[in-house]
Amino acid sequence: MPSPKLNPVQPHSLPSRVVQDDEPALVSAARAGSVSAFETLVDRYERKIFRLTQNITQNHEDAEDAMQEAFLKAYEHLPEFEEKSRFYTWLVRIAVNQALMKLRKRRPGIVSLDEEISTGEDTVPREVQDWGPSPEQRYAQTELRDILGKAVGELDPPSRIVFQLRDIEELSTEETAEALGLSVPAVKSRLLRARLRLRENLNGYFKQGEHS
Amino acid sequence: MKCKDIIRELADYLDEALDPALRISIEQHLVKCKDCRLVVDTTKQTIQIYCNSEPAPLPQTVRHRLHEALARRLRGARA
């Protein structure tokens, strides 16, 4: 009997779809004082940064404030930006800091990113069912966005934030660790937990036979 | 290799960050174990669905406030 064929998984070895080729030129122009170049960067990233701050804070008002402060800080500190790094990664780090400050202010004591976590019983898959190909296409875009946002919102903050940076913003494990002040093993354990729990959270929506 | 070992190594397996010998033993287990294969497959789909998801457009009022705040700062910086 032929062996089932596994698709290769390369979520992070593909070229980034976040950063476009003209980004370095826009950043250079903005650093040289071009307001329109900076505005182009804002236009390009405002939706992604707002999703990031929303996913971290889980609060609309805080997310808006954190996004605004992130762009203002980025503009203010543009002269200190080292052009050898990616502008988007730098901007994400600023936005994460702003969002974490809001989250900690609203929920003091709850958010300790480096607390010990277990990847034991709660990561053991409970439901194992086939989703079929492209299960997301069974939903309209706005409905899918709601489902994905709700599933992420149910994660604990450390797992949620690591998943956001690593799998949505496409930062490397090392960049994520540096941005959050965590060790690489800590990022990996949170990422594993986040991915497994999200899979579980989405199972109810995507398992075959649930929706036509 | 047991099912719980697959779960422990899952993140590194999906990121192709495992040494070849470990990767091969995982793949040998996956050929035999349907449940693990489904967990690997649906976890991979989870990552891809999020990775491919487009953020919602910024609400007009939020966008307006952002650009007003930026305009104030940019005008201030140029003055």
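Remember, it's a predicted structure, so these values are computed and weren't measured experimentally.

Draft legend 1. Summary view of the overall build of chain B. Assigned secondary structure in chain B consists of four helices and zero strands. On C-alpha atoms alone, chain B measures out to a radius of gyration of 23 Å, which is more than a quarter above the 12 Å that the 2.2 N^0.38 rule sets for 79 residues. With respect to the principal axes defined by its C-alpha atoms, chain B has extents near 65 × 25 × 15 Å. Across the 79 residues in chain B, those meeting the buried criterion constitute 28%.

Draft legend 2. Up close: the overall build of chain A. Of regular secondary structure, chain A possesses eight helices and zero strands. From first element to last, N terminus to C terminus, chain A shows the α and β order α-α-α-α-α-α-α-α. Counting every position in chain A, which comprises 212 residues, the buried fraction comes to 39%. Sequence-distant contacts in chain A: of pairs separated by 6 or more residues, those separated by 24 or more amount to 73%.

Draft legend 3. Summary view of helix α6 (residues 157-168) of chain A. Look at α6 of chain A: 15 Å from first C-alpha to last across twelve residues, which is about the 16 Å you get at 1.5 Å a residue. The element α6 of chain A is extensively covered by neighbouring structure, given that eleven of its twelve residues are classed as buried. Within α6 of chain A, burial applies to P158, S159, R160, I161, V162, F163, Q164, L165, R166, D167 and I168 of chain A. Buried residues in α6 of chain A make contact with α2 (35-57), α4 (87-106), α5 (141-153), α7 (173-180) and α8 (184-206) of chain A together with α3 (34-52) of chain B. The first or second residue beyond α6 of chain A is E170 of chain A, which carries a positive phi of 65 degrees.

Draft legend 4. Representation of the domain arrangement of chain A in the model. All names here are of chain A. Each assigned domain of chain A is listed here: domain 1 (23-106) and domain 2 (131-206). When each unit is reduced to the centre of its C-alpha atoms, the spacing between domain 1 and domain 2 is 21 Å. For the side of domain 1 that touches domain 2, the element with the highest residue contribution is α4, accounting for five residues. Considering only residue class, the side of domain 1 that touches domain 2 consists of five nonpolar, three polar and one charged.

Draft legend 5. Representation of the packing of α6 of chain A against α7 of chain A. Residues and elements named next belong to chain A. Direction vectors running N to C along α6 and α7 enclose 135 degrees, while the axes themselves pass 9 Å from each other. As summarised for this structure, α6 and α7 are arranged oblique, according to the angle between their axes. Regarding α6 and α7, the two cross each other, and that crossing is right-handed. Taken together, the residues of α7 that come into contact with α6 (itself represented by I161, V162, L165 and R166) are T173, T176, A179 and L180. Among the residues making up the contact of α6 with α7, the classes are represented as five nonpolar, two polar and one charged.

Draft legend 6. Representation of the confidence of the model for chain B in the model. Residue and element names in this part refer to chain B. Per-residue confidence for chain B gives a mean pLDDT of 90, with 96% of residues at or over 70. Confidence scores differ between elements of chain B, with helix α4 (residues 60-78) showing the lowest mean pLDDT of 86 and helix α2 (residues 20-32) the highest of 94. Reported confidences for the modelled complex are a pTM of 0.82 and an ipTM of 0.87.

Draft legend 7. Geometry of the interface of chain A and chain B. Between chain A and chain B, the contact holds 42 residues from the first and 35 residues from the second. If you list the elements that add at least two residues to the side of chain A that touches chain B, you get α2, α3 (60-76), α5, α6 and α8 of chain A. Of the residues forming the side of chain A that touches chain B, the biggest block, eight residues, is contributed by α8 of chain A.

Draft legend 8. Quick look at unusual backbone geometry. Of note in the backbone geometry, S134 of chain A takes a positive phi value of approximately 45 degrees without being a glycine. A count of 11 C-beta atoms within 10 Å places S134 of chain A in the exposed class. Even without being a glycine, E16 of chain B presents a positive backbone phi close to 55 degrees. Residue placement: E16 of chain B occurs in the loop between α1 (3-14) and α2.

Draft legend 9. Spatial organisation of the environment of I7 of chain B. Its location among the elements puts I7 of chain B in helix α1. Judged by the 20 C-beta atoms lying within 10 Å of it, I7 of chain B falls in the buried class.

Cut-offs used in this document
- The residue numbering used here restarts from 1 in each chain and proceeds along that chain's sequence as written.
- The naming scheme follows written order: chains are lettered A onward, ligands numbered 1 onward.
- Owing to the predicted nature of the model, reporting of local features is limited to residues with pLDDT of at least 70; listing and counting of side-chain atom pairs is limited to 80 or more, with chain, interface and lining totals taken over all residues.
- Going along the chain from the N terminus, every DSSP run of H or I of four or more residues is numbered as a helix, and every run of E of two or more is numbered as a strand.
- Note that the radius of gyration is over C-alpha atoms, with the globule rule given as 2.2 Å times the number of residues to the power 0.38.
- Counting other C-beta atoms within 10 Å of a residue's own tells you its class, since 20 or more makes it buried, 12 or fewer makes it exposed, and anything in between is partly exposed; those C-beta atoms are placed from the backbone.
- This entry defines residue contacts through backbone-placed C-beta atoms, with two residues in contact when those atoms are within 7 Å.
- Take the number of residues in a helix, subtract one, and multiply by 1.5 Å to get its expected span.
- Reported domain spans reflect what an automatic or database domain assignment gives.
- Each residue is assigned to one class: nonpolar for Ala, Val, Leu, Ile, Met, Phe, Trp, Tyr, Cys and Pro, charged for Asp, Glu, Lys and Arg, and polar for all the others, Gly among them.
- A fitted line through C-alpha atoms serves as each axis, taken over the contacting stretch for helices, and the angle formed by two N-to-C directions is quoted from 0 to 180°.
- In what follows, roughly perpendicular refers to angles from 65 to 115 degrees, roughly parallel to angles under 35, roughly antiparallel to angles over 145, and oblique to any angle outside these ranges.
- Each crossing gets its handedness from the near helix: less than a right angle anticlockwise from the far helix is left-handed, clockwise is right-handed.
- Known as pLDDT, the predictor's per-residue confidence is scaled from 0 to 100.

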